Amino acid sequence: MEKRLLNSPQQSEENVSLLAEQVLNQALMEYRKEKLREKIDEALTSRNKEEFIRLTDELKKIS
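Just so it is clear, the model here is predicted, and its values are computed rather than measured.

Undergrad: Lay out the side chain of Lys 33 with the relevant residues and their values.
TA: Counting through the fold element by element, Lys 33 comes out in helix H1 (residues 9-45). Residue classification places Lys 33 among the buried positions, given a relative accessible area of 13%. Those residues in contact with Lys 33 that lie beyond four places of it in its chain are Leu 59, Ile 62 and Ser 63.

Structure follows, in structure tokens:
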């Protein structure tokens, strides 16, 4: 059985990789929310009620 030290190089690499993945996922989620907000604004400007409802529902699901 392989023993891992608490602060071994392998453990540190795994932690950095996990942290990088979390940061990337958060950035992608914020980007997606911002794009949805922009499309919601466009739907409001064009008075497209169906598109507005669809987009706001999508935003609610991911928020």
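Undergrad: Can you tell me about the pattern of salt bridges, naming the residues and giving the values?
TA: Under the definition given, this model contains six salt bridges. When the shortest N-O distance is used, the salt bridge between Glu 58 and Arg 32 registers 3.4 Å. Remark: Arg 32 occurs in helix H1 and Glu 58 occurs in helix H2 (residues 49-62); sequence separation between them is 26 residues. Put simply, Glu 38 and Lys 35 hold a salt bridge, and the shortest N to O gap is 3.4 Å. Linking Glu 38 with Lys 35, this pair stays in helix H1, spanning three residues, or about one helical turn.

Undergrad: I'd love a proper account of the environment of Leu 55, names of residues and values included.
TA: Examined against the element boundaries, Leu 55 turns out to sit in helix H2. A residue is classified by how much of its surface remains accessible, and Leu 55, at 1% relative accessible area, is buried. Separated by 16 residues in the primary sequence, Leu 55 and Lys 39 place their C-alpha atoms 7.4 Å from one another. In this structure Leu 55 touches Leu 36, Lys 39, Ile 40 and Ala 43, once residues within four positions along its chain are discounted.

About the cut-offs
Residues numbered from 1 in each chain as written. Predicted model: local features only at pLDDT ≥ 70, side-chain atom pairs only at ≥ 80, totals over all residues. Heavy atoms only, no water. Helix = DSSP H or I, 4+ residues; strand = E, 2+ residues; numbered from the N terminus. Buried < 20%, exposed > 50% of the residue type's maximum accessible area, 1.4 Å probe, protein only. Contact = heavy atoms within 4.5 Å. Salt bridge = Lys/Arg side-chain N within 4 Å of Asp/Glu carboxyl O.

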